[in-house]
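# A look at the structure
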Amino acid sequence: MADAKPSSVLVHLANATPTVGFLAALLITHDFPKASWVMVALSALALALSLILERRIAPIPAFSGAMALVFGGLSIALHRSDLLQMKMSIVDGALGAALFGGLALRRNPLKLLLGGAMSLPDAAWRVLTIRYGLFFWASAVANEIVRRTQTAEVWATFRVVAIVAAVVFGAAQFPLLRKYWHEPGPGEAPEPPEPGF
């Protein structure tokens, strides 16, 4: 597997910054709207940084960043903190549904998104898709439980913990990737991603 480029690492760190910045602002100010402004500003900066450094925005960070802007903006405009707190439930729930819906339609959304970056057999793509679908749904359910039962500060802390959990979950997929990963040999083109979602 290829090493990550420094610009790519910077972009991944920048994508986590809005959530961490939101938590820091909330703990310092105890003001949800002010913390929401910080998150919206950092989300816009993260998307801009991705575009500047990589000359593109990957689909998943683009979707997540856009949703942070939308839900953060709605939360500020409508003076409703619950809208921002629902973002993770809605986005992760939708991502899980898209993954399982794709499998039901005999398509593989993960392969569509990542097929150009790695070459895996269809069985491995299916296992990876099921794992990520379940992870997204578990994250959505956990977010709903925390946002409905805990303070805003606890919920914001949970969001940072959820990012760490996502990184750990992603790292836990390396044995599966290592088992099936192969670099295309000379003259061997990588398998094209499946058409459609």
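The following paragraphs examine the structure supplied in this document.

## A short note on a nonpolar patch on the surface
- Together, Val 70, Leu 74 and Leu 78 line one region of the surface with nonpolar side chains, adding up to about 240 Å² of accessible area.
- With respect to the helices and strands, the residue Leu 78 is situated in helix H3 (residues 59–78).
- What makes Leu 78 partly exposed here is its relative accessible area of 49%.

## What to know about the nonpolar core
- Formed by 20 residues in total, the largest nonpolar core has its most connected members in Phe 22, Leu 26, Phe 32, Met 39, Leu 84, Trp 155 and Ala 156.
- Breaking this core down by element, the ones donating at least two residues are helix H1 (6–29), helix H2 (32–54), H3, helix H4 (81–104) and helix H7 (152–172).
- Ignoring anything within four residues of it in the chain, the contact list for Leu 84 reads Phe 22, Phe 32, Ser 36, Met 39, Phe 71, Gly 72, Ser 75 and Trp 155.
- Listed in part, the twelve residues of the second largest apolar core include Leu 99, Met 118, Phe 136 and Phe 169.

## Details of H2
- In this model, H2 (23 residues) spans 32 Å end to end at C-alpha, consistent with the 33 Å of a helix rising 1.5 Å per residue.
- All buried positions along H2 are accounted for by Phe 32, Ala 35, Ser 36, Met 39, Val 40, Ser 43, Ala 46, Leu 47, Ser 50 and Glu 54.
- Where H2 begins, the capping side chain belongs to Asp 31, and its oxygen is found 3.1 Å from the backbone nitrogen of Lys 34.
- Just downstream of H2 lies Arg 55, where phi reads positive at about 60°.

## A short note on the packing of H4 against H7
- The interhelical angle for the contact between H4 and H7, taken along N-to-C directions, is 30°, at an axis separation of 12 Å. Classified by the angle between their axes, H4 and H7 sit roughly parallel to one another. The two elements H4 and H7 meet at a crossing, and its hand is left-handed. Listed contacts from H7 to Leu 84, Gln 85, Lys 87 and Met 88 of H4 are Ala 152, Trp 155, Phe 158, Arg 159 and Ala 162.
- Of the residues belonging to the contact of H4 with H7, the class tally is six nonpolar, one polar and two charged.

## Topic: the packing of helix H6 (residues 122–149) against H7
- Taken N-terminus to C-terminus, the directions of H6 and H7 make an angle of 165°; their axes are 11 Å apart at the nearest point. Classed by the angle they form, the pair H6 and H7 counts as roughly antiparallel. The interaxial crossing formed by H6 with H7 has right-handed handedness. Contacts from Arg 131, Tyr 132, Phe 135, Ala 142, Asn 143, Val 146 and Arg 147 in H6 reach Val 154, Trp 155, Phe 158, Arg 159, Ala 165, Ala 166, Phe 169 and Gly 170 in H7.

## Comments concerning the environment of Leu 114
- Relative to the helices and strands, Leu 114 resides in helix H5 (residues 109–114).
- Judged by its relative accessible area of 30%, Leu 114 falls in the partly exposed class.
- Sequence separation between Leu 114 and Pro 59 is 55 residues, and the spatial gap between their C-alpha atoms is 9.9 Å.

## Digging into the side chain of Ser 89
- By secondary structure assignment, the location of Ser 89 is in helix H4.
- A polar contact of 2.7 Å, which involves the side chain of Ser 89, links it to the side chain of Asn 143.
- Once residues within four sequence positions are removed from consideration, Ser 89 is found in contact with Ala 140, Asn 143 and Glu 144.

## A short note on the packing of aromatic side chains
- This model, assessed by the stated rule, comprises eight aromatic pairs.
- Seen from their ring centres, Phe 22 and Phe 32 are 5.2 Å apart, and the 75° between their planes marks the pair as edge-to-face. Placement of Phe 22 in helix H1 and of Phe 32 in helix H2 is noted, with a sequence separation of ten residues between them. Here Phe 22 and Phe 32 have matching classes, each one buried.

## Points about unusual backbone geometry
- In this structure, His 79 is a non-glycine residue whose phi angle is positive, near 55°.
- With respect to the secondary-structure elements, His 79 resides in the loop between H3 and H4.
- Residues other than glycine seldom take positive phi values, yet Arg 106 does so here, at roughly 60°.
- Summarising the element assignment, Arg 106 is placed in the loop between H4 and H5.
- With relative accessibility at 75%, the residue Arg 106 sits in the exposed group.

Rules used throughout
Residues numbered from 1 in each chain as written. Predicted model: local features only at pLDDT ≥ 70, side-chain atom pairs only at ≥ 80, totals over all residues. Heavy atoms only, no water. Patch = residues over 30% accessible without salt bridge, like charges linked within 9 Å, V, L, I, M, F, W, Y side chains within 5 Å. Areas by Shrake-Rupley, 256 points an atom, 1.4 Å probe, with all protein chains shown as cover. Salt bridge = Lys/Arg side-chain N within 4 Å of Asp/Glu carboxyl O. Helix = DSSP H or I, 4+ residues; strand = E, 2+ residues; numbered from the N terminus. Buried < 20%, exposed > 50% of the residue type's maximum accessible area, 1.4 Å probe, protein only. Core = buried A, V, L, I, M, F, W, Y, C linked by side-chain atoms within 4.5 Å. Contact = heavy atoms within 4.5 Å. Expected span 1.5 Å × (residues − 1). Polar contact = N/O pair within 3.5 Å; in protein donor to acceptor, adjacent residues only side chain to side chain. Axes fitted to C-alpha atoms, helices over the stretch in contact; angles between N-to-C directions. Parallel < 35°, antiparallel > 145°, perpendicular 65-115°, else oblique. Left-handed = near helix turned anticlockwise from the far one by under 90°. Nonpolar A, V, L, I, M, F, W, Y, C, P; charged D, E, K, R; others polar. Phe/Tyr/Trp six-rings, centres within 6.5 Å; stacked < 30°, edge-to-face > 60°.

Nothing here speaks to function; it is all geometry.
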